[in-house]
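Below are the chains, spelled out letter by letter.
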Amino acid sequence: MQTRQRATHPLAAVITHSAPAVDDDGRESSPLTEFSDEAEDVEIEEQCAEAEVEVEVEVEEEGDELDDHEEELDDLAEGAGSEEVMDEEMAEEDGEPSEEEEEIEVEEEEEEEEEEEESEDDRSEDEKECIEYEMAQLVHNVPALIGKYRLVDRLGEGTFSSVYKAIDIEHSSYDNTLWTTPYALMPFDPYTGEKEPSLAPETPQLTQLRAQQQSGKVYVALKRIYVTSSPERIQNELEILNDLRGATNVAYLIDAMRHEDQVIAIMPFNRHQDFRTYYRTASLPLLRSYFASLFRALVSTHNLQILHRDVKPANFLYDTLTGTGILCDYGLAQKIGGNEFSEWRGECCHALPGPTFGGREGRRDAVLKVQQRESMGEAPGMASGLHGARLSKPMSVSVQLRKMENDWRDMKRAFHANCQGGQNDPIEEIKERERVRKMKPLFPQREYMEEIARREIEEGAGSARGGTTQMQLGAKQGRPIGYLKEDRRPSVRANRAGTRGFRAPEVLFKCPDQTVALDIWSVGIILLCFLTRRFPFFNSNDDNEALAELAAIFGRRKMERCALLHNRNFITNVPTFEIPPHVSFHALVKSLNPSIVVENSPDPYGPIPSSDESDDEWYEGSELYHAVDLMKRCLDMDCTRRWTAEECLEHPFFDGLFDMGGGRLGERGPMHSKVSDWE
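Residues numbered from 1 in each chain as written. Predicted model: local features only at pLDDT ≥ 70, side-chain atom pairs only at ≥ 80, totals over all residues. Heavy atoms only, no water.

### Regarding the sheet that holds strand β1 (residues 149–157)
Okay, so step 1: Here we have five strands laid out as an open sheet, ordered β1-β2-β3-β5-β4, and antiparallel in their pairing. Looking at the sheet topology across the chains shown, the edges are occupied by β1 and β4 (255–259). In this sheet, adjacent strand axes meet at a mean angle of 25 degrees when their direction is disregarded.
Okay, so step 2: In terms of strand pairing, β1 meets strand β2 (residues 161–168) through seven bridges, oriented antiparallel. Looking across to β2, one finds that Glu 157 is bridged to Ser 162.
Okay, so step 3: Where helix α5 (residues 125–141) meets the sheet, it contacts β1, β2, β3 (219–225), β4 and β5 (262–268), and its direction lies at approximately 125 degrees from that of β1.
Okay, so step 4: Its contacts with the sheet place helix α8 (residues 231–243) against β3 and β5, and it is angled at close to 20 degrees to β5. (Pairing = 2+ DSSP bridges. Helix = DSSP H or I, 4+ residues; strand = E, 2+ residues; numbered from the N terminus. Axes fitted to C-alpha atoms, helices over the stretch in contact; angles between N-to-C directions. Contact = heavy atoms within 4.5 Å.)

### With respect to helix α15 (residues 517–532)
Okay, so step 1: The end-to-end C-alpha distance of α15, which contains 16 residues, comes to 23 Å, matching closely the 22 Å that a straight helix rising 1.5 Å per residue would cover.
Okay, so step 2: Among the residues trailing α15, Arg 533 stands out with phi positive, at a value near 55 degrees. (Expected span 1.5 Å × (residues − 1).)

### Concerning the packing of aromatic side chains
Okay, so step 1: Throughout the structure, instances matching the rule amount to 24 aromatic pairs.
Okay, so step 2: When the ring of Tyr 278 is compared with that of Tyr 318, the centres are 6.1 Å apart and the planes differ by 50 degrees; the resulting orientation is tilted. Residue Tyr 278 is located in the loop between β5 and α9 (284–302), and its partner Tyr 318 is located in strand β7 (residues 316–319); the two are separated by 40 residues in the primary sequence.
Okay, so step 3: Since its relative accessible area comes to 6%, Tyr 278 is described here as buried.
Okay, so step 4: Residue class for Tyr 318 comes out buried when judged on its relative accessible area of 1%.
Okay, so step 5: The lysine or arginine in question, Lys 165, covers the ring of Tyr 219, its NZ or CZ lying 4.2 Å from the ring centre.
Okay, so step 6: The lysine or arginine in question, Arg 288, covers the ring of Phe 653, its NZ or CZ lying 4.8 Å from the ring centre. (Phe/Tyr/Trp six-rings, centres within 6.5 Å; stacked < 30°, edge-to-face > 60°. Buried < 20%, exposed > 50% of the residue type's maximum accessible area, 1.4 Å probe, protein only. Lys NZ or Arg CZ within 6 Å of the ring centre and 35° of its normal.)

### Structural notes on the packing of α9 against helix α21 (residues 623–634)
Okay, so step 1: The interhelical angle for the contact between α9 and α21, taken along N-to-C directions, is 30 degrees, at an axis separation of 11 Å. For the element pair α9 / α21, the angle class is roughly parallel. Taken as a pair, α9 and α21 cross one another with a handedness that is left-handed. Residue-level inspection shows Leu 284, Arg 288 and Phe 295 of α9 in contact with α21, the latter providing Glu 623, Leu 624, Ala 627, Leu 630 and Cys 634.
Okay, so step 2: The residue inventory of the contact of α9 with α21, partitioned by class, reads six nonpolar, no polar and two charged. (Parallel < 35°, antiparallel > 145°, perpendicular 65-115°, else oblique. Left-handed = near helix turned anticlockwise from the far one by under 90°. Nonpolar A, V, L, I, M, F, W, Y, C, P; charged D, E, K, R; others polar.)

### As for the pairing of strand β8 (residues 324–327)
Okay, so step 1: Side chains Thr 324 and Ile 326 project from β8 onto one buried face, and the interleaved Gly 325 and Leu 327 project onto a second face that is buried too.
Okay, so step 2: Note that β7 and β8 share four bridges and pair antiparallel. Paired with Phe 316 across the strands is Leu 327, a residue of β8.
Okay, so step 3: Hairpin remark: β7 followed by β8, antiparallel, with four residues in the connecting loop; positive phi at Gly 323, about 75 degrees.

### A few points about the pattern of salt bridges
Okay, so step 1: Scanning the entire structure with this criterion turns up 24 salt bridges.
Okay, so step 2: With its nearest N and O atoms 2.9 Å apart, the salt bridge here joins Glu 134 to Arg 154. Of the two residues, Glu 134 is situated in helix α5 and Arg 154 in strand β1; the sequence distance between them amounts to 20 residues.
Okay, so step 3: For Arg 154, a relative accessible area of 14% translates into the label buried.
Okay, so step 4: One connected set of salt bridges, linked through shared partners, spans Glu 134, Arg 154 and Glu 157. (Salt bridge = Lys/Arg side-chain N within 4 Å of Asp/Glu carboxyl O.)

### Quick look at the nonpolar core
Okay, so step 1: In this structure, Tyr 290, Phe 291, Phe 295, Phe 530 and Leu 531 are the most contacted members of the largest nonpolar core, which totals 95 residues.
Okay, so step 2: Setting aside residues no more than four positions away along its own chain, Phe 291 makes contact with Val 523, Ile 526, Leu 527, Phe 530 and Phe 654.
Okay, so step 3: Of all hydrophobic cores here, the second largest spans 19 residues; its members include Leu 145, Trp 179, Val 218 and Ile 266. (Core = buried A, V, L, I, M, F, W, Y, C linked by side-chain atoms within 4.5 Å.)

### Considerations on the confidence of the model for the chain
Okay, so step 1: Chain-level statistics for the chain give a pLDDT mean of 78 and a share of 70% at 70 or above.
Okay, so step 2: The model gives residues 461–477 a pLDDT under 50, and that stretch makes 49 contacts with residues more than four places away or in other chains. (pLDDT = per-residue confidence, 0-100.)

### So, a negative patch on the surface
Okay, so step 1: A cluster of acidic side chains, namely Glu 125, Asp 126, Glu 129 and Glu 132, defines a negative patch on the protein surface.
Okay, so step 2: Within the secondary structure, Glu 132 sits in helix α5. (Patch = residues over 30% accessible without salt bridge, like charges linked within 9 Å, V, L, I, M, F, W, Y side chains within 5 Å. Areas by Shrake-Rupley, 256 points an atom, 1.4 Å probe, with all protein chains shown as cover. Lys, Arg positive; Asp, Glu negative; His and termini not counted. Charge placed at Lys NZ, Arg CZ, Asp CG, Glu CD.)

### Structural notes on empty space enclosed by the protein
Okay, so step 1: Enumeration over the complete set of coordinates arrives at six cavities of 30 Å³ or more.
Okay, so step 2: Of the volumes computed, that of the second largest cavity is approximately 70 Å³.
Okay, so step 3: Looking at the second largest cavity, the residues that line it are Arg 309, Asp 310, Val 311, Ala 497, Gly 498, Thr 499, Phe 502, Arg 503, Ala 504, Val 507, Leu 518 and Ser 522.
Okay, so step 4: For the lining of the second largest cavity, the residue count by class is six nonpolar, three polar and three charged. (1 Å grid on protein atoms, 1.4 Å probe; cavity = no way out; pocket = protein on both sides within 12 Å on 5 of 7 lines; lining within 4 Å. Points joined across faces, edges and corners; volume = space filled by probe spheres on them.)

Structural data, given as structure tokens:
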């Protein structure tokens, strides 16, 4: 069996127009396939025509021999038929369905799903014809799809890509274990010390795939990346997907191909429902399953120091029938660290992000270490964690990198010293080695380190240069309440990629030094939509309006403290921003959605809204209380205090029952476990 693999640099052929790599067996190792010219196509057609003639001649010669054996085959068939009837009767007596019945059931289920999809399809005939034409044009433009994938429908389209549903025709010709079994569920083989897919427990994805295999239809998703995207952007997305292969609850890159300017990424088709169909009626067990899957995907992503940048319901494919979800669309993702640190300015009051410090216990140890080092005038180093540590004043980037490099060397020395004893369990030693390897920060190359040091000498980095970017809301005396509609001050350049309504405060303040904490903010916004049953919750037209929306909830003082963290100023004279209307997120949820409080109270049929006196008797410590508290941890204005994905998975909210799919409740299983349970 073959395993579909991709080259390390998938778009080298796009940028340099070089031929794809070839392995020892003479097969192309890169799925970005180069196609033959017209002369080769003509030669293949002639060979196929000759093969058809030979087959016809052989069939005519063997026809007479088959006639002689027909009578013998009929006699054998009668005997075999009687045995099959007896086997089926015995199976019916034992209450076990026969193989034919199982196949019929699978086919019926597939037909029912297709009928449901057709009945739910509200697209017009003209739109369907346009999609058919679009898919035909795609097959025409990318001939490599012929014989490998058969396009069925278009799943969606965006600014930079379109996604199509297709049948994997050559599915049985490859080893598909890696993308059918989540890597986190693969236990270690006690003999080899490596992950073993065959020992993994049954998963909803694997069950669904087996049903598709029996029906002969294994669906995949084809992502067509538009030519408007730059080659560097396409290469970045494919490289990140390749790095995340096998990551928990993350879309798996099965294959990728290129023909001229057309680039196709092939991933598994994950059944899901539109967020708008269930966010108003979602129960707390469903929220546990939803966010456990989402946080696990972010753990896999963030631990590789990869920032998704576009976490939103449309990019998280959640299936309410299986209780699992898949994070997709890494088109805006970027790696944090390495040579990227050369773009950091060192003007903000938060340190460079390092490797993960783990869950809640790891944060407590890291905070103590950061406080101790700051009192000695040292940089946080590796103790800063994924979200970075808060600093009393800006610090040089080169100084922080040197401290982080020293911490890494000390960790390696401690590991080797521990291994020299030779009395450790081999399996535990392998796990510890893997943990230490994952903890290695991404250091810039030497030339980038020199560039950072030279720039800091020229610019005087490490000192606050007075943030001039402000959200000016009538700062001067006599100006009407509001903000300048046409602000002529020079704008600050910063990465603002993401979807409106899900951008974190550091993005809105145009902080140049951004971390993976902004993905956690987006998760908090999704949870806010669930709890208030309002989607979208924020709907601003620009960044100034978005900041005003946040100020209406958090108040002026929190906005000012957040702005100072990123070396910015927040000035406003809007009176309603002085004191937020709700003292806490708990009051906000009850005010905007009082029914959710009553539904989860001891009296679910009581009056709406419920009284504060009755809520005080049961609310604190309840499941709903923990759900709101989790949202509070995700929506912390201070990105350094915002909980990491690993910490969120340890939140008490996930101690209750989970929706295992279709409303079936169950205890926390391997598909929703904490990081410590599946590493």
